[in-house]
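Analysis of the macromolecular model
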Amino acid sequence: SNNGRIDIKINKKYSVDDIKMIKDKMNEMYIKIDFDDSYVVLNTTSFKTDVKVKLKNNEPNVKIESDCEAEIIEVNGKIDLTSDNTINEIAKKANKELKKYINKALNLSMKYKSDFFGFGLKFYQNYPKYYVKVKDNWENKLSDINFNIKTTISINNKGSAKNSLEELKNER
């Protein structure tokens, strides 16, 4: 096969974006967030993903930290973008979505027993003795990894002083 890499067209629910994101190659992603009876769409403008590996009691642990900046590019309904509480609430929901994306990509990796994130290489670099012992069975070992995922989204625009983009539309 193609060197243990898989073609990620297998399941439409998973996208190549999920995989690129976790490999820190993600530049633009759209996140839609339902908010009361309305919704907002965020566009991620910058992305930094840091992956650290650790052995605890000979168990593989992976910590994934994603820092992301996003801006609100669409608002549907009455949402007060001047309110810090609203912005914080949107950020909180966006964080949840981001975690979901990452978990989805990790599950895909385990389901197809394919280490397309290169965790094995990181373990090899940091714990060579451990890795040599498990490398022949590494694809099966993936599901033993304890993942710790931390996402931080900062929304870098507070929108306009308008109540929502909807009001802007009405004024045109």
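Residues numbered from 1 in each chain as written. Predicted model: local features only at pLDDT ≥ 70, side-chain atom pairs only at ≥ 80, totals over all residues. Heavy atoms only, no water.

The helix and strand tally for the protein chain stands at six helices and four strands. The secondary structure elements of the protein chain, listed N-terminal to C-terminal, are α-β-β-β-α-α-α-α-β-α. Within the span of the protein chain, comprising 172 residues, buried residues form 38% of the whole. Taking all contacts inside the protein chain whose residues are at least 6 apart in sequence as the whole, residues at least 24 apart take part in 69%. Carbon and sulfur atoms make up 44% of the accessible area of the protein chain, which amounts to about 10,400 Å² in all. (Helix = DSSP H or I, 4+ residues; strand = E, 2+ residues; numbered from the N terminus. Buried < 20%, exposed > 50% of the residue type's maximum accessible area, 1.4 Å probe, protein only. Contact = heavy atoms within 4.5 Å. Areas by Shrake-Rupley, 256 points an atom, 1.4 Å probe, with all protein chains shown as cover.)

Our focus in this paragraph is the confidence of the model for the protein chain. Per-residue confidence for the protein chain averages 78 on the pLDDT scale, and 74% of its residues sit at or above 70. Mean pLDDT per element in the protein chain: helix 6 (residues 165-171) is the minimum at 44, and helix 4 (residues 128-134) is the maximum at 94. Across residues 1-14, where pLDDT falls below 50, the model places 18 contacts with residues more than four positions away in sequence or in other chains. For the stretch residues 159-172, pLDDT sits under 50, and the model shows 20 contacts to residues farther than four places along the chain or on other chains. (pLDDT = per-residue confidence, 0-100.)

Where nonpolar side chains cluster on the molecular surface, the patch consists of Leu-121, Tyr-124 and Val-132 and spans about 310 Å² of accessible area. The residue Leu-121 is located in helix 3 (residues 119-126) in this model. Among the residues examined, Leu-121 registers a relative accessible area of 52% and is labelled exposed. (Patch = residues over 30% accessible without salt bridge, like charges linked within 9 Å, V, L, I, M, F, W, Y side chains within 5 Å. Salt bridge = Lys/Arg side-chain N within 4 Å of Asp/Glu carboxyl O.)

In total, this model carries seven aromatic pairs according to the counting rule given. With 5.8 Å between their ring centres and 55° between their planes, Phe-123 and Tyr-130 make a pair best called tilted. Among the residues examined, Tyr-130 registers a relative accessible area of 5% and is labelled buried. A network of ring pairs unites the aromatic residues Phe-123, Tyr-124, Tyr-127, Tyr-130, Tyr-131 and Trp-138 as a single cluster. Geometry around Tyr-39 places Lys-32 over its ring, the cationic atom sitting 4.5 Å from the centre. (Phe/Tyr/Trp six-rings, centres within 6.5 Å; stacked < 30°, edge-to-face > 60°. Lys NZ or Arg CZ within 6 Å of the ring centre and 35° of its normal.)

Now for helix 3. Of all the positions in helix 3, only Phe-119, Gly-120 and Phe-123 are classed as buried. Down the axis of helix 3, the buried set is contained in an arc of 100°. They therefore lie on one face. Of the residues in helix 3, the exposed ones pointing more than 90 degrees away from the buried face are Leu-121 and Gln-125. On its buried face, helix 3 sits against strand 2 (38-56), strand 3 (59-76), helix 2 (84-111), helix 4, helix 5 (138-141) and strand 4 (146-155). (Arc of directions from axis to C-beta.)

So, about the nonpolar core. Counting 20 residues, the largest nonpolar core has Leu-42, Ile-72, Ile-90, Ile-153 and Ile-155 as the members making the most contacts within it. Residue assignment for this core shows that the elements contributing at least two residues are strand 1 (30-35), strand 2, strand 3, helix 2 and strand 4. Element by element, the count of residues in this core is highest for helix 2, at five residues. Excluding residues that lie within four positions of it along the chain, Ile-155 makes contacts with Leu-42, Ala-70, Ile-72, Ile-87, Ile-90 and Ala-91. Within the second largest apolar cluster, 19 residues are counted, among which are Ile-64, Leu-106, Val-134 and Trp-138. (Core = buried A, V, L, I, M, F, W, Y, C linked by side-chain atoms within 4.5 Å.)

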